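Coordinate inspection notes
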Amino acid sequence: MRIRFRVHRLPASLSSSHGSGVWWNDRPDSAAIGVDIGSDHIAVVSVTEDCEVLDTTCLRYSFDATGGVAGLVDPDSVVDTAFTAVRQIALACAARGRHVSCLAFGASNEDAIIAVDEATMAMTPSISGAGMSVESWAWLIDAVAGGEITRSTGFPVHGGSTAARIAWFISHDNALRHASWCGLKDFVASRFYGRLVADLSGASAMGLLDRKSMGWSTAALSPLGLRPDQLPPLMRSEQSFPITEEAAELAGLDRSTAVVVGGSGACVAPLTMGLHRPDAAMVHPSLLGVLCALGDGPAESVPSTVGVGGCWLLAGRDVADLRAAGIGVGVIRVAAGMRDSQEVAMDIADSQGVPVEMSAVDEPVAVGAAVLGWYTVGVLPSLDATALMFPPDQVFYPRTGACQDS
């Protein structure tokens, strides 16, 4: 079966190059905008200098099922949705008399990747989920090079792995072996600042970053017939670029707005989940049953992702896994979306033997991206300042299952 991928072209001027650097505006009543690229929706928020959430919008984009894959998303529809959502929030900021100083990206859909041509136009859709046809490629890659990939990236190959998704695409069109590849978040962000780059946390979350060289992993790419130069230049999540003239007009933003590259959802969410406190952990924002905590470097015993601000995000199945990796855990933060499942929060407290806090932040990835934006432009002095910035809504204690309003 050969799948034909539709290409919708944006104005060529959106792929032009511009200067880089840190850009910010020292104006009163400013706001930062955070964007979360999800699997089937985009969430956009505005946040004050004090990290108070002002406005939120959530827009969905359509996707379909093809070839046994859970969902195929048109990258250009994601771009259109992003501009629409950002414009809504920008207009809301203008109505409040607030100037948007910066815009930053996060991606809860961390594994999403697409092929692009020389003009950075999409050649494939994005896979928003896995299916048997993708999982079969994961099994094959793991059998051929699984050990080497895990040693290089710190991540085992699994059914939803980015490498397996790339293999699935190439199996339907061998010409894609010669294409360039990028994360969906990076593709969307490129339409705002006019260049295609990738961030270290996103590359790491996709299982494509070599932990020693901090470059693209040849161990992960070689089984696919790809080279590192077929992926974008890697940069820190805090890197910012000026917004292009066309993007500013489409988004309703000023040309002085700094656009921050941003990072993976699991690496920007900690900025709203109190993880910069000692002995704090959180339930992974996309993977229930996975606990995450911050560390100074990668651990050999648990998967470790490059975080923002020079830290690493360590992931384990439980408190024991994290403690075995040298990470103390005295409290666990869970997402606000668990408000309707408080018994689950109590079960976590009982099973892990530590208090569990319910977050009060409804969009942790989008809000975390906005906070990263404030840090990038110098408004937030350090990421450690976020430690107590977002207090929990409720706290659940082990054994008794008691719940107290904070």
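This text gives an overview of the structure that appears in the document.

**Some thoughts on the packing of aromatic side chains**
To describe a pair of aromatic rings, one takes the distance between the centres and the angle between the planes. Taken as a whole and assessed by the stated rule, the structure comprises 5 aromatic pairs. With centroids separated by 4.2 Å and ring planes inclined at 10 degrees, the aromatic side chains of Phe83 and Phe192 adopt a geometry described as stacked. In this pair, Phe83 is assigned in helix H1 (residues 75-95) and Phe192 in helix H4 (residues 184-193), connecting sequence segments 109 residues apart. Classification of Phe83 as buried rests on a relative accessible area of 8%. A network of ring pairs unites the aromatic residues Phe83, Phe105 and Phe192 as a single cluster.

**Some words on the side chain of Gln394**
Checked against the element boundaries, Gln394 lands in strand E20 (residues 394-396). A relative accessible area of 11% means that Gln394 is categorised as buried. Reaching out from Gln394, the side chain makes a polar contact with the side chain of Gln342 at a distance of 3.2 Å.

**Considerations on the environment of Val319**
Within the secondary structure, Val319 is located in helix H9 (residues 319-324). Considered as a pair, Val319 and Ser351 are 32 residues apart in the sequence and their alpha carbons are 9.4 Å apart. Sequence-distant contacts of Val319, that is, excluding residues within four places in its chain, are made with Leu291, Val329, Ile332 and Gln352.

What counts and how
- Residues numbered from 1 in each chain as written.
- Predicted model: local features only at pLDDT ≥ 70, side-chain atom pairs only at ≥ 80, totals over all residues.
- Heavy atoms only, no water.
- Phe/Tyr/Trp six-rings, centres within 6.5 Å; stacked < 30°, edge-to-face > 60°.
- Helix = DSSP H or I, 4+ residues; strand = E, 2+ residues; numbered from the N terminus.
- Buried < 20%, exposed > 50% of the residue type's maximum accessible area, 1.4 Å probe, protein only.
- Polar contact = N/O pair within 3.5 Å; in protein donor to acceptor, adjacent residues only side chain to side chain.
- Contact = heavy atoms within 4.5 Å.

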